[in-house]
Every structure is written in structure tokens, then in C-alpha cells.
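# Residue-level structure breakdown
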Amino acid sequence: MTPTVTPFFHRPTGTWTYVVADAAARVAAVIDPVLDFDWRSARTGTASADALLAHLAAQGLALEWILETHAHADHVSGAPYLKARAGGRIAIGEGIRAVQATFKRVFGLGPEFQPDGRQFDRLFADGDVLRVGGLEGRVIATPGHTSDSVSYLFGDALFVGDTVFMPDGGTARCDFPGGDAAELYRSVQRLYDLPAATRVFVCHDYAPGGREVAFETTVAAQREANIHLRATTSEAEFVALRRARDATLDVPNLIIPAVQLNIRAGELPPPEADGVRYLKVPLDVLGRPLAPASR
Ligand SMILES: [Fe+2]
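Let me sum up the structure you'll find in this document. (Residues numbered from 1 in each chain as written. Predicted model: local features only at pLDDT ≥ 70, side-chain atom pairs only at ≥ 80, totals over all residues. Heavy atoms only, no water.)

## Re the overall build of the protein
A tally of helices and strands in the protein yields 7 helices and 15 strands. Compactness check: the protein gives a C-alpha radius of gyration of 19 Å against a globular reference of 19 Å for 295 residues, within 12% of the reference. Referenced to the eigenvectors of the C-alpha coordinate spread, the extents of the protein come out at roughly 50 × 45 × 35 Å. Pairs at least 24 residues apart make up 66% of the contacts formed inside the protein by residues separated by at least 6 positions. Summed over all atoms, the accessible surface of the protein reaches about 13,300 Å², with 52% contributed by carbon and sulfur. (Helix = DSSP H or I, 4+ residues; strand = E, 2+ residues; numbered from the N terminus. Rg over C-alpha atoms; globule rule 2.2 N^0.38 Å. Contact = heavy atoms within 4.5 Å. Areas by Shrake-Rupley, 256 points an atom, 1.4 Å probe, with all protein chains shown as cover.)

## Observations regarding the packing of aromatic side chains
Within this structure, the stated rule accounts for 14 aromatic pairs. For the pair Phe201 and Phe215, a centre-to-centre distance of 6.3 Å together with 15° between the ring planes defines the contact as stacked. Of the two residues, Phe201 is situated in strand β14 (residues 199-201) and Phe215 in the loop between β14 and β15 (216-218); the sequence distance between them amounts to 14 residues. By relative accessible area, Phe215 is classed as partly exposed at 23%. (Phe/Tyr/Trp six-rings, centres within 6.5 Å; stacked < 30°, edge-to-face > 60°. Buried < 20%, exposed > 50% of the residue type's maximum accessible area, 1.4 Å probe, protein only.)

The following block contains the structure:
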């Protein structure tokens, strides 16, 4: 069966969220929903998630699954907000446990945070199958960008998270804790082995060269034209290119709030005695030491 795919773009973070529906059965999954977040004021907002809810309501779609492709470092997940209003189960790859253990240390989280995946309703292993009405979704573990990264294949529609971007955008960075360029190479080979006409839906687009934002390509187009990883690119070539590029990249703007919340399946931390919820900001832990100031 061919799913109905509706994309939603979150401009501040360049994120694509997808509603994948069995329109006849009136059920849907949402992949990678976003909670609006302004880091300067540390305010959350729900306009983007509300647009998803309005779409589900207008189409009469029941929400069965809220699927994360990984614990994102660049945007906060809107999963719990959607679940509270529309239902559905929140799921992610089972590699989330390793990501949780790593970032529990990074953020100095206490014993109230258990790095065992319990914050999610379901942890997927490679090859697991999920149902959305008459649609069958297959989980393909695609670690490399992060150790919990998975892709979801519904019919001919493949949701790749941060493995590959549009062909002119290349691939995702592999320098986060648990990331590994050689592993990403092998994950992408598995995706490139899918039928050439498979539709590929990316999780981000930064519109390189000032073109229009884009979200959909094919396995054939990636194999032929991905600027980092074509069918003919060797693992050694890719790893060298990826490492060189990663060494130049800054820490993502929202990594501190995004990762801290997303390893809790997007739940905000519990309020403290004053009723306010707080994040922690580890000093001199993330990124590279600052260069000497120039005069
Ligand atoms: Fe990511």
C-alpha cells in the first residue's frame, strides 16, 4: 500500500515533519514533530505542533504512532504535546539507551533520570514492523549520525532521519558522542540497496545555494548524485571527507535544550519547588575550547 505523506516544514530549525497516513482507514503516524523553542527566552511554543493537530483533525486521522528517527540535537520534540492531545505511542530506536547514558553524564542528571528507554512507549530494533491501519512500516537501524538513528520504510516511502539529506546537501555529521562515519557509510549502503524508485523523505533541508527548500528525492538520485556519498564512493573516501567536514562544524544552536529534553522523549523536566521547570547548562563540556580573542 502507498501511504499518503504530508510534509510540514519548521523554518527556524530546517526540520521536516511528516504525517504518514492510511487515508482510507483514517489513521496516521507522525514522524519527528517539533516543539517551538526560543533559546534566548527559554520559551516553548506549540504553533508548529498545533498545525499538525489541525491537519489530523481536518483529515479525520487518528494518531497511532509518534515516531522519532533519533534523539535530535537541533530541535525539541513535540511528541508529548501531540500524544497528550491526540494519543498515539511515542517510539524511537533502541539505541536511545546508549544516547541517554552518555547525555545523562554530560548534563549531570540525577537518579530520577533512568537511561533505560522507559520514557518512550516503544523501542524499535532493526527489522521491527509497525502498523498504521493497512500500512506496514519496517524499521531499519541506521546508526552513524547517532547510535539510536533509525529509518522507517512504509511501502515505497522511506523516512531517513539524519542519514542523508537531499543529494546537494550530502550527509549528516557523525561527530556527536556515539556517532561514527564508518557506521553511517554502512547504514547508507543498506538504504541504497532498496529499490531505485524508493521515495526518500529527509528530516532536514538547509536549501544550499539559496534554492527552494526540498524534502523528497529517490534512492536512485542519492546513489547518483549525493555530494558526500554516491554508489561509487568508498568507505575510506567517505570517512575522510566526513571527518574533515565535522572538524569545521559548530555545536548546533539548540543542542543543550534539545538533547536534554529529547532523551526524555520530549517531556520537560519536572517543576522545582517554585513551580518552574529548569534545564541544566554544563560549562566547558561541549564543543571546542575557544580560540584566543583577537584584538
Ligand atoms: Fe540529528
